Amino acid sequence: MKNRGITLIEVLIVVALLLGGLVPLVKMIIEGLRGTQIMGSITVANSLAQSLLEEIKQRKWDENAPQKGVYIPTTSASDTLGPDSGENQNYRYTLDDIDDYDDLDDNPIKDESGAVLTEYANKYKRSVVVEYVNVPLGGTVTVETGTKTDYKRVKVTVEIIGENRSVTQSVILANGTFY
Ligand SMILES: [Ca+2]
Ligand SMILES: [Ca+2]
């Protein structure tokens with residue numbers, strides 16, 4: 001029997017089948033890579049949030065506290081949240097208590113000395129909110145706007161620029177607690 005070889009139609013069918021299988025495969029790979037990239041940026045954002053939170057936890061609870069972890073009555077806590085005289089959020093080494101970080105807008109992201117961390121510039125930005133909260137036993141934490149309480153909540157948000165995503169980490173720190 002004569003070997004008739006492969007016809008053009010057959011070749012085209014094989015090519016079409018290959019392409020048909022390739023397109024979803026390539027799509028899957030691209031989506032996978034994109035997913036990995038998003039997971040990567042969320043991991044970085046979380047570590048940027050974590051490191052700032054750790055830095056803040058090194059500060060004393062209040063401007064009027066003599067040192068970290070020393071109890072002071074609520075009445076003598078400073079009246080306003082935010083940096084105090086001579087302190088500058090662009091140079092975070094000047095911040096000595098946790099609420100000095102309130103309203104911090106860390107964009108571009110900087111280290112404590114104020115040096116821009118270029119690897120994160122235009123990719124991430126950090127912001128902080130510090131507020132007095134009520135922490136009732138077994139109840140829900142509520143924000144206290146009227147007066148001072150013995151609890152400050154520190155919330156660090158890291159936004160991934162261009163991805164419309166952000167991560168937030170927070171901690172509640174109590175007056176006089178060793179942490
Ligand atoms: Ca201060
Ligand atoms: Ca302060």
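J.: Describe helix α1 (residues 8–57), naming the residues involved and giving the relevant values.
T.: Side chains three or four residues apart in an α-helix point the same way, a direct result of the helix having 3.6 residues per turn. Its 50 residues place the ends of α1 72 Å apart at the C-alpha level, agreeing with the 74 Å of an ideal helix rising 1.5 Å per residue. Those residues of α1 that fall on the buried side of the exposure criterion are I38, S41, A45, L48, A49, L52, L53, E55 and I56. Buried-residue contacts for α1 involve β2 (124–134), β4 (151–160) and β5 (165–174).

J.: Describe the coordination of the calcium ion (ligand 1), with residues and values.
T.: All of the protein donors around the calcium ion (ligand 1) are E63 (OE), D84 (OD), E87 (OE), E87 (OE), D96 (OD), D97 (OD), D100 (OD) and D100 (OD); their distances to the metal are 2.2 to 2.7 Å. A separation of 3.7 Å is found between the calcium ion (ligand 1) and the calcium ion (ligand 2), which are bridged by D84. Of this pair, E63 sits in the loop between α1 and β1 (105–106) while D84 is found in the loop between α1 and β1, placing the two residues 21 residues apart along the sequence. A relative accessible area of 16% means that D84 is categorised as buried.

J.: Talk me through the coordination of the calcium ion (ligand 2); I want residue IDs and the actual numbers.
T.: Around the calcium ion (ligand 2), the donor atoms from the protein are G82 (O), D84 (OD), D97 (OD), D97 (OD), D99 (OD) and D100 (OD), and they sit 2.3 to 2.8 Å away. With six donor atoms in place around the calcium ion (ligand 2) and angles of 46 to 175 degrees between them, the coordination shape is irregular.

J.: Explain the environment of Q50 to me, and be specific about the residues and the numbers.
T.: Inspection of the secondary structure puts Q50 in helix α1. Separated by 124 residues in the primary sequence, Q50 and A174 have C-alpha atoms spaced 19 Å apart.

What counts, and where the lines are drawn
Throughout, residues of each chain are indexed from 1 in the direction in which the sequence is written. Both sets of labels track the order of writing: A upward for chains, 1 upward for ligands. At least 70 in pLDDT is required for a residue's local features to be given in this predicted model, at least 80 for side-chain atom pairs to be given and counted, and no such filter applies to totals for whole chains, interfaces and linings, which use all residues. Side-chain figures throughout are based on the complete set of non-hydrogen atoms in the structure, without hydrogens or water. Here a helix means four or more residues in a row that DSSP labels H or I, a strand means two or more in a row labelled E, and each is numbered from the N terminus. By definition here, a helix of n residues has an expected span of 1.5 Å times n minus one. Three exposure classes are used, based on accessible area relative to the maximum for each residue type with a 1.4 Å probe and protein chains only: buried under 20%, partly exposed in between, and exposed over 50%. Contact criterion: two residues are considered in contact whenever any of their non-hydrogen atoms come within 4.5 Å of each other. Donor atoms are limited to N, O and S found within 2.8 Å of the metal ion, a distance that becomes 3.2 Å for Na, K and Ca. With water left out, some sites might look partial. Geometry is assigned from the angles between donors: four donors with all angles from 85 to 135 degrees make a tetrahedral site, four or six donors whose opposite pairs exceed 155 degrees while the rest stay between 65 and 115 make square planar or octahedral sites respectively, and everything else is labelled irregular.

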